[in-house]
Structures are given as structure tokens and as C-alpha cells.
Amino acid sequence: MAVLLNKRDLIKAGLGATALAGMPATPLFASAEKPARWAYLRPGFTVLVAQYIKGKDLLKKNGAFMAPPTEYTAVSTYYNDFTAGNYDVCIGSWDTFASRYQAGVPIQLLCTITTADMIAIITGDKAIKSIGDLRGKTLAALQSTGTFRMVSALLKESNGLELGKDVAIQGVDNPAAAVTLTMANRVEAGLSWEPNISAALSKRPDLRSIFNAGEAYRAKTKLNLPYFGVAVGREWAKQNPDQVDKIRQTFADCINGINGKPDEAVKLAGGGSGYPSDVMEDAIRSRRLRFRFGSMKEAAERETIVKASEFLVRNKLLKKTVDDGFFA
């Protein structure tokens with residue numbers, strides 16, 4: 001417990017006015033517990049998560065001690081700052097966390113919050129009826145992402161289709177550009193993820209999905225394929241074991257609340273996500289953006305991650321299966 005001494009206490013203790021004059025206005029002894037630093041990425045649904053936690057005062061409800069989140073706009077900087085230890089709690093794709101953990105970065109997975117159902121290949125070409133019809137055609141995609149590599153592995157295992165060989169790739173700089181090229185009919189299809197998919201459908205209802213990463217994995221394994229999760233710095237977690245559970249519960253309440261009342265959730269986020277509220281609400285209600293909380297304290301949820309990592313290892317996307325040290 002922090003010890004607070006006021007001016008009268010200090011005078012009684014024999015400290016004179018000279019000593020008092022040089023003292024800061026803050027308490028003599030600050031709390032030993034530091035707030036966890038965290039962040040979100042704009043544009044995107046992580047803004048929705050951060051704003052919902054703030055709007056519903058979930059930190060106070062759960063006794064979670066977190067500083068106001070830092071806003072990032074560059075994906076690479078967002079992840080690099082987390083792995084460098086510049087903040088303590090990060091929302092991102094679990095496989096990115098796993099690959100960096102295996103490279104020696106001291107981070108752990110706290111929970112998962114979405115499934116890979118938010119990743120899809122869409123088309124407006126009437127001649128393309130199924131994913132097999134994409135053979136010999138062109139797909140717009142952001143090739144530098146783990147998402148592209150994951151979808152490539154799924155297509156190869158499930159459909160015998162090799163991106164870059166059977167399907168030409170038109171590289172783009174961001175996932176929104178993939179749907180933009182598809183809408184403009186400059187490519188036959190685009191690989192992207194929510195809320196980009198719902199934003200495209202709101203403008204061109206004739207677009208349709210011919211491949212969904214979550215559905216493809218579920219059909220093959222009978223399991224959910226997690227996508228976005230929350231990771232924490234290992235040293236911070238060791239020093240704040242009580243806060244680890246409180247922050248985990250905060251995200252659980254957040255995801256349950258968003259699923260329960262999507263309209264309320266998107267109103268709390270306003271336009272901060274970078275997408276219109278009706279687009280965000282449609283993404284959630286349609287289950288294209290499938291929020292699902294999975295605690296790494298639960299054996300079944302850890303097993304889901306282990307099985308998913310086995311799939312990634314099989315396709316040379318991870319060096320080895322994740323071990324228990326990966327879980328917080």
C-alpha cells in the first residue's frame with residue numbers, strides 16, 4: 001500500500017520548510033504498481049475494442065490498471081514497438097506473436113478475440129463460381145502479411161491451389177486496396193479481411209465471397225482458427241500476475257458486450273475505426289467479423305492454438321509448435 005505523508009506529518013517528523021520547498025507536489029511514495037501500457041491501430045476494429053473498454057468503464061469494473069492507449073497508424077511500427085518493449089499489451093494476430101516469441105522476444109498470449117472467419121477472398125466476376133475457378137486468374141493481395149501466407153497454406157491443403165503459381169498475384173500496399181481493385185474490375189478477385197469486406201459489400205452488393213479462411217480450416221479440422229488475440233510482455237506479466245487476470249477479464253467483458261449489442265458498441269467507437277458505423281455493425285451481425293473470446297487459462301483454448309500452430313509448422317510458416325511458455 002502506498003504511504004502518503006502530508007505537510008503536517010513531515011513537520012512533526014522534523015523536516016523543515018527548506019526540505020518541503022524542494023519536494024514535488026506528488027505523494028512522497030508513489031504506488032509501486034505501474035499501469036500497463038497498451039495501444040490500438042487506426043483504422044481498424046482495434047479502435048472499436050479500445051473505445052468499448054473506455055465507454056463501458058471496464059477497467060474500473062475489473063480493477064485493471066491500464067494507461068490510456070497509444071494510437072498507431074503503421075502496422076510495422078505497431079508490432080515493432082511492442083516487441084521492443086515500448087508498451088505492455090498488444091492486440092494483434094496470434095501467429096505474429098508466435099513467430100516473434102519463437103525468435104526470442106519475451107511475449108506471451110493472454111487470449112484470443114476473433115476467428116479467421118474475418119479473412120476472405122471476394123470477387124465480382126460472374127464467371128467465377130468457386131475458388132477453383134480462380135486458377136489462371138489474378139488475385140489482389142498484400143503479400144507481406146502472415147494472413148497471405150496462412151491463406152496460401154489453406155488453399156494448397158484444402159483446394160490444391162498454389163498462389164503465385166496457379167493464380168497470379170497483384171501486390172497491394174494495404175488490405176483496403178485489394179478490395180478497391182476488385183470493385184474496379186482490375187483483378188478477378190481480392191484477398192482482404194474485415195471491416196474491408198463489409199465496406200466493399202455496402203458499395204457493391206454483387207460482390208461475393210468464394211473463400212473464407214475460418215470456414216476452410218473448420219471444414220478440415222472441426223476447429224476454430226483463431227486470428228486476433230491479445231499478447232503481453234513476459235516481464236510485465238511476471239511482475240503483475242494479479243493484473244494479468246484482470247486485464248484478461250476486461251477483454252472478455254469487451255468481446256461479450258460487443259457480441260451482445262453490436263449497435264451500442266459501434267456507437268461508442270463512433271467514426272474512430274475509420275469505417276461507417278453501419279458497416280461495422282453489419283460486419284459483426286453477419287458474423288463476417290466473428291468476435292470470440294478464448295482464455296489461455298483454459299486447456300481447450302490452448303489446445304486450439306497448439307493445433308493451429310501444427311498447421312502452420314506443416315506449411316513452414318512457424319519453426320515449431322508453440323510450447324507452454326507462449327501462454328500467459
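Residues numbered from 1 in each chain as written. Predicted model: local features only at pLDDT ≥ 70, side-chain atom pairs only at ≥ 80, totals over all residues. Heavy atoms only, no water.

### Let's talk about the overall build of the protein chain
So, step 1. From N to C terminus, the protein chain includes 15 helices and 11 strands.
So, step 2. Across the 328 residues of the protein chain, 50% fall into the buried class.
So, step 3. Restricting the contact set of the protein chain to residue pairs at least 6 apart, pairs at least 24 apart contribute 77%.
So, step 4. Summing over all exposed atoms, the protein chain offers an accessible surface of approximately 15500 Å²; the carbon and sulfur share of this is 51%. (Helix = DSSP H or I, 4+ residues; strand = E, 2+ residues; numbered from the N terminus. Buried < 20%, exposed > 50% of the residue type's maximum accessible area, 1.4 Å probe, protein only. Contact = heavy atoms within 4.5 Å. Areas by Shrake-Rupley, 256 points an atom, 1.4 Å probe, with all protein chains shown as cover.)

### What about the pattern of salt bridges?
Side chains that differ in sign of charge can pair as their charged atoms come close.
So, step 1. Tallying each qualifying case throughout the model produces 21 salt bridges.
So, step 2. For Arg288, the salt bridge identified is with Asp282, shortest N-O distance 2.4 Å.
So, step 3. Of the residues examined, Arg288 reaches a relative accessible area of 23% and is grouped as partly exposed.
So, step 4. The structure contains a network of salt bridges with shared partners spanning Asp117, Arg218 and Arg290. (Salt bridge = Lys/Arg side-chain N within 4 Å of Asp/Glu carboxyl O.)

### A word on unusual backbone geometry
So, step 1. Cis rather than trans, the peptide bond between Arg42 and Pro43 has omega equal to 0°.
So, step 2. With respect to the helices and strands, the residue Pro43 is situated in the loop between β1 (39–41) and α3 (46–55).
So, step 3. Glu194 connects to Pro195 through a cis peptide bond whose omega is 5°.
So, step 4. Within the secondary structure, Pro195 is located in the loop between β8 (189–193) and α9 (196–203).
So, step 5. Within the chain, Asn185 stands out as a residue other than glycine whose phi angle is a positive 60°.
So, step 6. Checked against the element boundaries, Asn185 lands in the loop between α8 (175–183) and β8.

### Considering the confidence of the model for the protein chain
So, step 1. On average, residues of the protein chain carry a pLDDT of 88, and 89% of them reach 70 or more.
So, step 2. Contacts for the low-pLDDT stretch residues 1–32, under 50 throughout, to residues beyond four places or in other chains number 14 contacts. (pLDDT = per-residue confidence, 0-100.)

### Some remarks on the environment of Val167
So, step 1. With respect to the helices and strands, the residue Val167 is situated in the loop between α7 (146–159) and β7 (168–171).
So, step 2. In sequence terms Val167 and Lys137 are 30 residues apart; their C-alpha atoms lie 5.6 Å from each other.
So, step 3. Sequence-distant contacts of Val167, that is, excluding residues within four places in its chain, are made with Leu134, Arg135, Lys137, Thr138, Leu139, Leu161 and Glu162.

### What about the sheet that holds β8?
So, step 1. Ordered by their spatial adjacency, five strands build an open sheet running β7-β6-β8-β5-β9, and the pairing between neighbours is mixed. Each end of this open sheet is capped by a strand with a single partner; those strands are β7 and β9 (208–212). Put simply, the sheet's adjacent strands are angled 30° from each other on average, direction ignored.
So, step 2. Contacting β5 (119–123), β6 (138–141), β7 and β8, α8 crosses the sheet at an angle of about 150° to β8. (Pairing = 2+ DSSP bridges. Axes fitted to C-alpha atoms, helices over the stretch in contact; angles between N-to-C directions.)

### Regarding the nonpolar core
So, step 1. Judged by nonpolar contacts, the single largest core of 101 residues is most densely connected at Ile121, Phe251 and Phe326.
So, step 2. Each residue touching Phe326, except ones within four places of it in the same chain, is listed here: Trp94, Phe97, Ala98, Tyr101, Ile107, Gln108, Leu109 and Ile305.
So, step 3. If you look at the next biggest cluster of nonpolar residues, it comprises seven residues, including Ala120, Ile122, Ile197 and Ala200. (Core = buried A, V, L, I, M, F, W, Y, C linked by side-chain atoms within 4.5 Å.)

### Focus: the environment of Ala308
So, step 1. Within the fold, Ala308 resides in helix α15 (residues 299–314).
So, step 2. Between the C-alpha atoms of Ala308 and Pro226, which are 82 residues apart in sequence, the distance is 7.9 Å.
So, step 3. Filtering out sequence-adjacent residues up to four positions away, Ala308 remains in contact with Trp94, Tyr217, Leu225 and Pro226.

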